[in-house]
Amino acid sequence: MQIDDLKTLVIDALESLKGQDIATLDVSRLTSVTDLMVVTSGTSTRHVSALANRVVETAKEHGLQPLGVEGQAGSDWVLVDLGELVVHVMLVETRRLYDLERLWSDLPSDGEAEVRGERV
């Protein structure tokens, strides 16, 4: 599945259960771990868990097996790893605390770090 199709699939799944403030981060030039991150908020731990489960179910319905799901025990932050795309579903307070959007926008790309002699 193409990355744009996967992104649309994930966003549609999140929107179907009213995921809040859905943001897409292109991190392909910052890390080799994944290309895109989708971050969304849920209103309660139950909502966060339901959103993550919907992403997993939708991926499986389209023949994609998630590489991993982390954080379902507490459900204040659940990560769904779909390889080229990683989904972060968080409580509003947790999202505000970790501020992934700012964190990933402030990081230098791998190429910029190599030019400065830093190890990535």
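Here is what the cut-offs are and how they apply
Residues numbered from 1 in each chain as written. Predicted model: local features only at pLDDT ≥ 70, side-chain atom pairs only at ≥ 80, totals over all residues. Heavy atoms only, no water. UniProt positions renumbered as here; feature names shortened; annotations may be inferred. Helix = DSSP H or I, 4+ residues; strand = E, 2+ residues; numbered from the N terminus. Buried < 20%, exposed > 50% of the residue type's maximum accessible area, 1.4 Å probe, protein only. Contact = heavy atoms within 4.5 Å. Areas by Shrake-Rupley, 256 points an atom, 1.4 Å probe, with all protein chains shown as cover. Salt bridge = Lys/Arg side-chain N within 4 Å of Asp/Glu carboxyl O. Phe/Tyr/Trp six-rings, centres within 6.5 Å; stacked < 30°, edge-to-face > 60°.

Looking at an unreviewed UniProt entry, the protein carries the name Ribosomal silencing factor RsfS, with the source organism given as Franzmannia qiaohouensis. Note on the protein: under the UniProt heading Subunit (unreviewed entry), the record states "Interacts with ribosomal protein uL14 (rplN)." Per UniProt, the protein carries the Sequence similarities (unreviewed entry) text "Belongs to the Iojap/RsfS family."

A.B. asks: How should the overall build of the protein be read in this particular structure?
C.D. replies: The helix and strand tally for the protein stands at five helices and five strands. Along the chain direction, N to C, the helices and strands of the protein fall in the order α-β-β-α-β-β-β-α-α-α. Relative to its full complement of 120 residues, the protein shows a buried share of 41%. Intrachain contacts of the protein at a sequence separation of at least 6 include 56% that bridge at least 24 residues. Accessible surface computed for the protein: about 7,000 Å², of which carbon and sulfur atoms make up 48%.

A.B. asks: Would you take a moment to explain the pattern of salt bridges for this structure?
C.D. replies: Oppositely charged side chains may form a pair once their charged atoms are brought near each other. Inspection of every chain in the model, using the stated rule, returns two salt bridges. Notably, a salt bridge pairs Glu101 with Arg95, separated by 2.4 Å at the nearest N-O pair. Classification of Glu101 by relative accessible area gives partly exposed; the value is 22%. Arg95 sits in the buried class, given a relative accessible area of 10%. Across the pair Asp99 and Arg102 runs a salt bridge, and its minimum N-O distance is 3.2 Å. According to the relative accessible area criterion, Asp99 is partly exposed, its value standing at 25%.

A.B. asks: Is there a simple way to explain the packing of aromatic side chains in this structure?
C.D. replies: Aromatic ring pairs are described here by two measures, namely the spacing of the ring centres and the angle between the planes. As enumerated under the stated definition, the model contains one aromatic pair in all. Taking 4.9 Å as the distance between ring centres and 50 degrees as the angle between the ring planes, the aromatic pair formed by Trp77 and Tyr98 counts as tilted. Linking Trp77 in strand E4 (residues 77–81) with Tyr98 in helix H3 (residues 92–98), this pair joins segments that are 21 residues apart in sequence.

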